Each structure stands twice: as structure tokens, then as C-alpha cells.
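Residue-level listing of the chains:
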Amino acid sequence: MRNVHNPRTRSERRVRRHLRVRKKVAGSAGRPRLVVFRSLKHIYAQLVDDDRGVVLLGVSDRSEGAEVDVSGKVARGKAAGKLLAEKAKGQGIKSVVFDRAGYRYHGRVKAVADGAREGGLEF
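Residues numbered from 1 in each chain as written. Predicted model: local features only at pLDDT ≥ 70, side-chain atom pairs only at ≥ 80, totals over all residues. Heavy atoms only, no water.

Peer 1: Can you explain the nonpolar core? Please cite residues and give values.
Peer 2: Ranked by internal contacts, the top residues of the largest apolar core, which has 25 residues, are L34, V36, L47, L84 and L121. Those elements giving two or more residues to this core turn out to be strand 1 (33-38), strand 2 (43-49), strand 3 (54-60), helix 2 (73-90) and helix 3 (108-119). In terms of residue count, the dominant contributor to this core is helix 2 (5 residues). (Core = buried A, V, L, I, M, F, W, Y, C linked by side-chain atoms within 4.5 Å. Buried < 20%, exposed > 50% of the residue type's maximum accessible area, 1.4 Å probe, protein only. Helix = DSSP H or I, 4+ residues; strand = E, 2+ residues; numbered from the N terminus.)

Below you can see the structure in the form of C-alpha cells.
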């Protein structure tokens with residue numbers, strides 16, 4: 001990766017935005033950080049405890065239990081958000097801090113957040 005101070009590609013600019021947001025957003029054991037990663041084909045979500053530096057749990061749209069009613073990447077993102085909320089409630093986590101990881105709050109990233117909210121997580 002190039003120098004963060006002189007980003008040239010789209011992914012380098014996203015990483016820079018993510019670092020800027022991460023200065024303000026931090027997760028704890030009581031309220032972990034829900035971080036989203038979006039690839040071209042799939043979407044992944046994790047709950048991170050930044051105090052200990054530990055990933056509490058993670059899901060993707062390919063995880064077992066992520067059931068999609070209709071086709072499309074947005075629907076798969078919403079299913080991943082619901083699955084994450086179910087697993088988090090099983091571990092006793094009720095509220096999270098949302099970290100969009102430098103992506104726009106739009107499309108699949110918004111679908112993950114909406115699915116997690118429908119599953120019972122509070123932002």
C-alpha cells in the first residue's frame with residue numbers, strides 16, 4: 001500500500017476515510033464496534049472489542065444461516081445483518097457502535113445496518 005498521506009487509488013482513499021472515522025469511533029466489551037467490509041461480490045460484518053483488540057464474532061453473506069428471500073447483493077447484506085444480530089443477542093450484546101469503514105452509508109452497507117436493527121441491535 002502507498003503512503004496514507006498521498007492516496008491515489010479509490011481503495012487508498014477509502015482506507016484514509018476509515019482511519020479518520022476510527023479516531024472517533026471505538027468499541028468496548030459493553031458496546032462493541034460493528035465494522036463492515038464490502039468486496040465486489042460479498043459483504044462481511046464483525047463485532048470488535050477495541051479495548052482488548054479482539055473480534056467477538058463475524059458473519060458474511062455466505063455464512064450458514066444467512067437466508068435470502070430474493071436475489072441481489074443488497075438482500076444478502078440485510079440477511080447478514082440479521083444473522084449478526086441473532087448471534088450477538090446469543091452472546092448478550094444489545095447495543096453496538098456502527099463503523100461503515102470509509103464506505104458510503106448506502107446500498108449494501110445500509111442494508112447490513114438495517115438488518116442488524118431489525119434483528120434487535122441498537123445503534
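From this point, things continue past the structure.
Peer 1: Pulling in residues and values, what's your account of the pairing of strand 3?
Peer 2: By the bridge criterion, 6 bridges tie strand 2 to strand 3 in an arrangement that is antiparallel. Note that in strand 3 the partner of A45 across the bridge is V59. Here strand 2 folds back onto strand 3 in antiparallel fashion, the turn holding 4 residues, of which G53 has a positive phi close to 75 degrees. (Pairing = 2+ DSSP bridges.)

Peer 1: Describe the pattern of salt bridges, with residues and values.
Peer 2: Within the structure shown, the criterion is met by 9 salt bridges. The closest approach of N and O atoms between D50 and R33, which form a salt bridge, is 2.9 Å. In this pair, D50 is assigned in the loop between strand 2 and strand 3 and R33 in strand 1, connecting sequence segments 17 residues apart. Take R33: its relative accessible area is 7%, and that puts it in the buried class. One continuous salt-bridge network, built from bridges that share partners, spans R22, R33, D50 and D99. (Salt bridge = Lys/Arg side-chain N within 4 Å of Asp/Glu carboxyl O.)

Peer 1: Please give an account of the sheet that holds strand 2 that cites residues and values.
Peer 2: The strand order across the open sheet formed by 4 strands is 3-2-1-4, and the pairing between neighbours is mixed. With partners counted over all chains shown, the strands left at the sheet margins are strand 3 and strand 4 (97-99), one partner each. For this sheet the average axis-to-axis angle between neighbouring strands, irrespective of direction, equals 20 degrees. In the packing of helix 3 onto the sheet, the strands contacted are strand 1, strand 2 and strand 4, and the crossing angle to strand 1 comes to about 145 degrees. (Axes fitted to C-alpha atoms, helices over the stretch in contact; angles between N-to-C directions. Contact = heavy atoms within 4.5 Å.)

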